[in-house]
Structure formats: structure tokens, C-alpha cells
Amino acid sequence: MRDTQVSAQGGVEGYASLFGVEDQGRDVVIPGAFRASLARRPAHAVRLLFQHDPAEPIGVWDEIREDARGLYVRGRLVEEVGRAREVLALIRAGALDGLSIGFHARKASRDARTGQRRLHEIDLWEISIVTFPMLPGARVNAMQTCATAACSLTRSKAATASPSRAQHACDDGLPSRRALSQRWREAGPGEGACSPPDHRRP
């Protein structure tokens, strides 16, 4: 694809969560878990961040909705922001495509035998484009390429044709930028990041 086509809109879409799939933190999102949160908070009020960093907003979500598969998201990166331009370039190159949600678990249950936590109601605060998603199935799987209102969707090089797993961030409270960097160094790939301040795991 031509760079001018991508930068004209900077649109991306994908699934930020998939239903019924256990993530690396032993969490499973139940269908309907986002319904109440999406009714309270419109798509544009859910922040589009880079690596769960509150100092790195890179765009706007235009559509967030549940379907039979999971949490579908569609948004656009703001190319006037330097980091957003870098993210677009990395997505085009297939070097970056993970999606991850920052949330507070409002209603959850835990299986005492397996340790699995089932998330029945989630308060969704932000959705990030990340390097290491908690589960591989939560991905940017298409990029809008349009200079006019008539847009087409082009599959990104890093997209997975049939994602089988979802991914999201932990909800232990949002760290500072320095603490977040330290967490990533200590946790390594697949550990995700954390959700907004003053919210804790139940």
C-alpha cells in the first residue's frame, strides 16, 4: 500500500478482546461483559493509547462494540502526533499489531480449583496498541487506506486470519511512566500492563 493512502486516514480495526478464551493471566471474558460500560462511556471517551501509557495518547476510537466474537474496535491514529506516525509505520511493516484493554473488573468469579477468573462485567477505560499482547488473538487486523469518504480496508501484514485467543491488560492500577517501563523490563513479553488509577483487582 502507498504511505499517502495510509496517512490520509490512519484508520485501524481489530478485536481488543475475544469471548470465552483464557488469557495468560487465567482470565476469561464472558459475552456481555462490556455492555454496561459501553452504555456509560462512548467510544471516543475510551482512550487510544500506546503501550498503556497515559502520557501517550495516539488517536481516537470511533467504534467499540460487542459482537458474537468479542470486542470489535475501529479507530484512527492522529498523524499530527509523532508517536502515532511511528505506530502507523510499524503496523505497515508488520512490526506492531497487538491490542490490549485497560479495565476494572466490576463483577468476576473465580474457580477455586483451576484459579481461572471469569469476568462478567468490565469497566473499560482504554485500549492500547502494544508490542506484546496478553494473548495473540487480540490484534490490529486491518488498516483503513483512504483519502476520501469512500474507504477500503487493507489487511495488515501482521494480522492473524482466525485469531483464537483474546488479550487484555491486568487491572491492578495504572503505574507511572517510569514504573510502567520498569514493569515491562521485569515482566517480559505477554504480561500486559495495567488499568486506570484507583481501581484494584477484586
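Here we take up the environment of His44. Structurally, His44 can be placed in the loop between α2 (35-40) and β3 (47-50). Expressed as a C-alpha distance, the spacing of His44 and Gly59, which sit 15 residues apart in the sequence, is 9.4 Å. Sequence-distant contacts of His44, that is, excluding residues within four places in its chain, are made with Val60 and Trp61.

On to the nonpolar core. The biggest cluster of nonpolar side chains holds 32 residues, and the ones touching the most others in it are Trp61, Ile64, Leu71, Leu77, Leu99, Ile127 and Ile129. Sequence-distant contacts of Ile64, that is, excluding residues within four places in its chain, are made with Leu38, Ala43, Val46, Leu71, Tyr72, Val73, Leu124 and Ile127.

This brings us to the confidence of the model for the protein chain. Taken over all residues, the pLDDT of the protein chain has a mean of 75, while the share at 70 or more is 65%. Within the protein chain, β3 carries the highest mean pLDDT (98), whereas helix α1 (residues 3-9) carries the lowest (36). Segment residues 1-8 is flagged for pLDDT under 50; beyond a separation of four residues in sequence, or across chains, it makes 16 contacts in the model. Note that pLDDT drops below 50 for residues 144-202; the model gives that stretch 161 contacts with residues more than four away or on any other chain.

How each quantity is defined
Residues numbered from 1 in each chain as written. Predicted model: local features only at pLDDT ≥ 70, side-chain atom pairs only at ≥ 80, totals over all residues. Heavy atoms only, no water. Helix = DSSP H or I, 4+ residues; strand = E, 2+ residues; numbered from the N terminus. Contact = heavy atoms within 4.5 Å. Core = buried A, V, L, I, M, F, W, Y, C linked by side-chain atoms within 4.5 Å. Buried < 20%, exposed > 50% of the residue type's maximum accessible area, 1.4 Å probe, protein only. pLDDT = per-residue confidence, 0-100.

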